[in-house]
Every structure is written in C-alpha cells, then in structure tokens.
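# Summary of the model geometry
Next come the chains, spelled out residue by residue.
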Amino acid sequence: MTATTVFANVRVFDGTGVTEPRTVAVHDGLITDDVVRLANAEMVDGDAQVLLPGLIDSHVHIDTRSDLEQCTRAGVTTVLDLATRDLTALDSLRGLPGLPTVLRAGMPASAPGGTHTTKMGFAGSSAVTSEPDAARFVADRVREGVDYIKIIVEDPRMPGTAALPAPILAAIVTAAHSQGLLVIAHAVTSAALRLADDAGVDVITHAPLNRALSADEAAALAARGSVLVPTLTMMRGVSAAVGRKPMFRLLRRLRVAPPVDYAHARGSVAAARAAGLTIVAGTDANNQTGAPFSPRHGTSLADELGLLVDAGLTPTEAIRSATALPARTFGLNDRGVIAAGRRADLLLVDGEPTVDIGAIRNVRAVWIAGARVA
C-alpha cells in the first residue's frame, strides 16, 4: 500500500453534481488537504473521469468472501447485512483488507411459528414471544455486538403468516432504542408498513407490492423522520416470481391473497420522493436457497440505482441514496462524501453518472481505506 495517492485531473461527485477537473489527495487511508507529502505520492491520472465515494448497499445477505469480492469489483465498499444465521461466520469476513466494511443485524426478531424459524433456519431464540421477551431478544443482540436491530413485520391478513402483534413490535423498538440501536423493519405490504411505522421503527426495508403508498402515508413517514430502503431490484424479481406460481394466481382469483405488482413498489418510491422521505439504496442481494429472487452481490446496486431513477429520482439523488444518505442514516460519519478527513473509500468511473446513471457500471478502479484493490 502506498501511503499517499494523488488523483490529478479528476472530476469529483460532490453531492450536488460533478466538479471541474481537480486534484484529490489521500494519505494513510484518509482524504486530505495536506499537500506537503505529495512529492512521494502515487499519481493517478483521472483523465477527466469521475471520482465518487465508495457505494453503500444498505440491504444484503453475506455468506462468503466471494460475495464481498463481487461487491468490491462493483465499487460497493460498505454493506449492511440484514440477517444471518451464523454471526460468527459473518464476523470472520469483517475487517479484511481490500474488502467492504460489513455491518450486521445478526438474527432478526420474528413471530413464533414464522418462516424464519420454521423454514429458513434461524434459531428458535430469535422468535419473540411476549412484550417482556422483547428486552431479552434485544439484550441477546447487544451481547453479540450487532450494529442495529432487524424486525420481521408481517401482514397478519396474509394466509399462513405468523405476525408479531403491535405491542410486541413496539416493545422491541423501545428496548432497541434504549440501547442506542436503530431498528430496521422488513415490511412488504402496506399493512405491514403501517404496523412498522406505528411501532416507531427507524428504517423500513422493501416497498409495498400490494398497493403504492399514498401521498398522505409518505408525508407522515417523512414527518416522523423515517427512512425507506425500497429494494426495487428485489421487489421486481419477487413480483415476477410470485406471479408465475399457479397457487398464487388461484388465491388471487379467490381474493384470498393481496395483489402483488411491481408497479406498486415503483409508485411508492415516486410518492416517497414527492413527500421528501429519505430514500436509501439497498438490493437484498443474497444466495439463499428457496429465496423468491436472488439479486447478485455488487452489480445489483447499479440495477437498483437505475430502477430508482426510473421511479422518479434524478441520477444525482440516486447516487446520494448509495453514498451520503446511508452514511448519515446509519451513523457512518467517516464516509459517504469526498472531503478532507473522510475515509478514502473511492470509486473511479468513466462517463457522467449524474446524467446517465448507467455510467456507474463503468468502474475503472476502486480504493478501500486508501488502498487500491483489484
């Protein structure tokens, strides 16, 4: 690793657009204004390419080193794992040179008899049985040193669904907040989203597939300071996969199952943007057997940004949803922008991503903590 790197003639994404060609210096893993050491620096000719903060994927499931390597190649330098059955295995992948920073929730809270414990292999202790048991669940996660709490919020009207009742949801949120931890809720229908919001969760992941958020609902979420991680890539994949299942089509005709349509998720993003609700990019990338859809680690974040633009965000807003906004939401105050003193997680791309978001795929080089990675 060269202690100092200087990017010359590089255009910089500054959160509002792209600057004219300029110089950016990095020393000992941090961006710096100090030019004293430049004589011994490794020089990188930006050739008018665009330098961006390393991208943050705010919803993934990491199983292997290969998952993280795929992220790195796509310029994703920070990932938030939102449920793992084996926290020890996941932690063995943290802090490795040249790989993304990994934050994690550990096991998510779910209802007794829910699919997470009966079919997906999560320990029975992750089921929360009562309001007093909520404190036990959160205390277990605190002992594991997790970075935030995840709750599975299900729609109690869905056939065959085990759903945590509202008082238990609220008790989990209260216990988590008392420990200074954010709460992220999985919610895929409008009813589940409403339950999550009523419980006071901080972040809602997924956008409803049964109907779009109304303007009033989006405004209420924004007024409370909530954050939405729509995972449009996953929602589009799930909608297509579920729509192909004969049993689901039968239940729809019988009006037993709710409508599942990607257009509703897309419409929710449009409503959220209009209301000023904070939108953060996440993909739900996973390798899980039996998952309705498995976005690829790394490259799916570019897909997600493209879908966010299709849903109404500007390319600049989409880039912020994977840089400054998740950094702010999750307290990652050392990254997310290119500024002196910030961690030098950086991505160099060809093209103009603030005009054509597809240019985010044109990765020329990636740096993690100031070290260039393959």
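How each quantity is defined
- Residues numbered from 1 in each chain as written.
- Predicted model: local features only at pLDDT ≥ 70, side-chain atom pairs only at ≥ 80, totals over all residues.
- Heavy atoms only, no water.
- Helix = DSSP H or I, 4+ residues; strand = E, 2+ residues; numbered from the N terminus.
- Expected span 1.5 Å × (residues − 1).
- Buried < 20%, exposed > 50% of the residue type's maximum accessible area, 1.4 Å probe, protein only.
- Arc of directions from axis to C-beta.
- Contact = heavy atoms within 4.5 Å.
- Polar contact = N/O pair within 3.5 Å; in protein donor to acceptor, adjacent residues only side chain to side chain.
- Pairing = 2+ DSSP bridges.
- Right-handed = clockwise from strand over helix to strand, strands pointing away.
- Phe/Tyr/Trp six-rings, centres within 6.5 Å; stacked < 30°, edge-to-face > 60°.
- Lys NZ or Arg CZ within 6 Å of the ring centre and 35° of its normal.
- Axes fitted to C-alpha atoms, helices over the stretch in contact; angles between N-to-C directions.
- Left-handed = near helix turned anticlockwise from the far one by under 90°.
- Nonpolar A, V, L, I, M, F, W, Y, C, P; charged D, E, K, R; others polar.
- Core = buried A, V, L, I, M, F, W, Y, C linked by side-chain atoms within 4.5 Å.
- pLDDT = per-residue confidence, 0-100.

### Quick word on helix α4 (residues 131–144)
With 14 residues, α4 should cover 20 Å at 1.5 Å per step; its first-to-last C-alpha distance of 21 Å lies within 8% of that length. Every buried residue of α4 is listed here: D133, A134, F137, V138, D140 and R141. The buried residues of α4 all sit within an arc of 150 degrees when viewed along its axis, so they share a single face. Projecting away from the buried face of α4 at angles above 90 degrees are the exposed residues P132 and R143. Tucked into the core, α4 has its buried residues touching β9 (149–152) and α5 (166–178). Capping of α4 at its N-terminal end is provided by S130; its side-chain oxygen lies 3.2 Å from the backbone amide nitrogen of D133. Remark: G145 follows α4 within two positions and exhibits a positive phi of approximately 80 degrees.

### Side note on the pairing of strand β10 (residues 183–186)
Burial along β10 is two-sided: the residues V183 and A185 and I184 and H186 are all buried. For β9 and β10, the ladder comprises four bridges, and the chain directions are parallel. In the strand pairing of β10, I149 is matched with V183. For the crossover that starts at β9, traverses α5 and ends in the parallel β10, the hand is right-handed. Bridging between β10 and strand β11 (residues 203–205) involves three bridges; their strand directions are parallel. Pairing of I184 across the sheet is with V203, part of β11. Crossover β10 to β11 through helix α6 (residues 190–199) is right-handed.

### As for the environment of P108
Counting through the fold element by element, P108 comes out in the loop between β8 (101–104) and α3 (115–118). Taking C-alpha positions, P108 is 8.1 Å from T84, a pair spaced 24 residues apart along the chain. For P108, the residues in contact, after removing those within four places along its chain, are A83, H116, F122, S126, F137, K150 and I152.

### Some points on the packing of aromatic side chains
Throughout the structure, instances matching the rule amount to two aromatic pairs. Here the aromatic rings of F7 and W367 are separated by 4.7 Å at their centres, their planes lie at 80 degrees, and the arrangement is edge-to-face. Within this pair, whereas F7 is found in strand β1 (residues 4–12), its partner W367 is found in strand β15 (residues 363–368), the two being separated by 360 residues in sequence. Looking at F7, the relative accessible area reads 1%, which means it is buried. Ring geometry for Y148 and F330: centres 6.2 Å apart, planes at 55 degrees, overall tilted. Taken together, the residues Y148 in the loop between α4 and β9 and F330 in the loop between α13 (324–329) and β14 (346–349) connect sequence positions 182 residues apart. For the residue pair Y148 and F330, the accessibility class agrees, reading buried in each case. The ring centre of F122 lies 5.5 Å from the NZ or CZ of R85, which sits over that ring.

### A look at the packing of α4 against α5
Two elements in contact, α4 and α5, have axes whose closest approach is 8 Å; the angle formed by their N-to-C orientations is 40 degrees. Judged by the sense of rotation from one axis to the other, the crossing of α4 with α5 is right-handed. From α4, E131, A134, A135 and V138 reach across to α5, where they touch P167, I168, A171, I172, A175 and A176. Among the residues making up the contact of α4 with α5, the classes are represented as nine nonpolar, no polar and one charged.

### Overview of the sheet that holds β8
If you walk across this open sheet you meet the three strands as β6-β7-β8, and the pairing is parallel. In this open sheet, the two edge strands, each paired with only one partner strand, are β6 (55–60) and β8. Here the average twist between neighbouring strands, direction ignored, is 20 degrees. Judged from the four bridges that link them, strand β7 (residues 76–81) and β8 form a sheet pairing that is parallel.

### Observations concerning the nonpolar core
In terms of nonpolar packing, the biggest core is built from 81 residues, with I149, I151 and I172 touching the most fellow members. The leading source of residues in this core is α5, at seven residues. Setting aside its immediate chain neighbours within four residues, I172 contacts A109, V128, A134, V138, I149, I151 and L164. Among the nonpolar cores identified, the runner-up in size contains 15 residues, and L80, L325, F330 and L332 belong to it.

### Topic: the sheet that holds strand β12 (residues 227–229)
Within the open sheet, the five strands sit side by side as β9-β10-β11-β12-β13. Their pairing is parallel. The open sheet terminates on both sides in strands that have one partner only, identified here as β9 and β13 (278–279).

### Some thoughts on the confidence of the model for the protein
On average, residues of the protein score 93 in pLDDT, and 94% of them reach the 70 mark or higher. Under a pLDDT of 50 for its full length, residues 246–256 has, in the predicted model, twelve contacts with residues more than four places off or in other chains.

### Remarks on unusual backbone geometry
A positive phi is found at H206, a non-glycine position, where the angle reads about 90 degrees. With relative accessibility at 3%, the residue H206 sits in the buried group. Here T231, not a glycine, exhibits a phi torsion of approximately 45 degrees, which is positive. In this fold, T231 is placed in the loop between β12 and α8 (232–243).

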